Amino acid sequence: MNPYIKLTKYSIEHFVKTGRPADLPAGLPAELLEKEAGVFVSLKKHGVLRGCIGTILPTKPSVAEEILRNAISACSEDPRFPPIEENELDALEYSTDVLMPPEIINSLEMLDVKKYGVIVTSGYKRGLLLPNLDGVDTVEEQVAIAMRKAGITPDEIINLERFEVVRYK
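So, a few notes on the structure that sits alongside this text. (Residues numbered from 1 in each chain as written. Predicted model: local features only at pLDDT ≥ 70, side-chain atom pairs only at ≥ 80, totals over all residues. Heavy atoms only, no water.)

### A word on the state of the cysteines
In a disulfide, the sulfur atoms of two cysteines are held together by a covalent bond.
Then step 1. Evaluated as defined, the whole model comprises zero disulfides.
Then step 2. The structure places no disulfide on Cys75, whose sulfur is separated from the nearest cysteine sulfur, that of Cys52, by 13 Å. (Disulfide = S-S within 2.5 Å.)

### Focus on the pattern of salt bridges
Then step 1. This structure, assessed with the given rule, holds 10 salt bridges.
Then step 2. Between Lys44 and Asp134 there is a salt bridge, with its nearest N and O atoms 3.8 Å apart. Here Lys44 is found in strand 1 (residues 39-45), whereas its partner Asp134 is found in the loop between strand 6 (125-129) and helix 4 (139-150), with 90 residues between them in sequence.
Then step 3. By relative accessible area, which is 29% here, Lys44 ends up partly exposed.
Then step 4. Each of Lys45, Arg50 and Glu88 takes part in salt bridges that share partners, so that together they form one network. (Salt bridge = Lys/Arg side-chain N within 4 Å of Asp/Glu carboxyl O. Helix = DSSP H or I, 4+ residues; strand = E, 2+ residues; numbered from the N terminus. Buried < 20%, exposed > 50% of the residue type's maximum accessible area, 1.4 Å probe, protein only.)

### A look at the pairing of strand 6
Then step 1. Counting buried positions along strand 6 gives four out of five residues, so the element sits mostly inside the fold.
Then step 2. Bridge count between strand 5 (residues 117-122) and strand 6: five bridges; the pairing is antiparallel. Bridging across to strand 6, Val118 finds its partner in Leu129. (Pairing = 2+ DSSP bridges.)

### Notes on the sheet that holds strand 1
Then step 1. The strand order across the open sheet built from four strands is 2-1-3-8, with neighbouring strands paired in antiparallel fashion. The outermost strands of the open sheet, each flanked by one partner alone, are strand 2 (48-54) and strand 8 (165-168). Between one strand and the next, the sheet's axes are offset by a mean angle of 20 degrees, whatever the strand orientation.
Then step 2. For strand 3 (residues 92-99) and strand 8, the ladder comprises four bridges, and the chain directions are antiparallel. What sits directly across from Thr96, in strand 8, is Tyr168.
Then step 3. Together, strand 1, strand 3 and strand 8 form the strand contacts of helix 1 (residues 3-18), whose direction differs from that of strand 3 by roughly 120 degrees.
Then step 4. Helix 3 (residues 63-76) rests against strand 1, strand 2 and strand 3 of the sheet, and its axis sits at about 40 degrees to strand 1. (Axes fitted to C-alpha atoms, helices over the stretch in contact; angles between N-to-C directions. Contact = heavy atoms within 4.5 Å.)

Next comes the structure, spelled out in structure tokens:
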């Protein structure tokens, strides 16, 4: 199993079973310990989204610690879903996205729904949508979903950023 997914699964299973965050396990690859990045953890159950939370920019000293924290958030703090219960663990599918730094863009033409995620900002409101999601086929859909997530209405002026991810499943 991929070390990113193994760590995600470990964090969630430990938290769901004990109610406590896991410590970093020994023997993690250096790339998980030496690099900082934003990370999104997505959970699906029988192919349907069951939780997704992440950070755009790093908030922890390593990708490994970012995964530990965001895995807990995805399984227990996504306001769209009740917390994951122990009897659901065997049915979960995990996806961990490591985000590259976002870059400001000035037009929709600079987006590609398969390659880039989008961050939409209006004032203090900010919404994000990851790239290459099932059912999101156009840049316009991608931006509209990110705007809805942030509570941004179509008449508000927006700023756009794009980012790439490395997705582990």
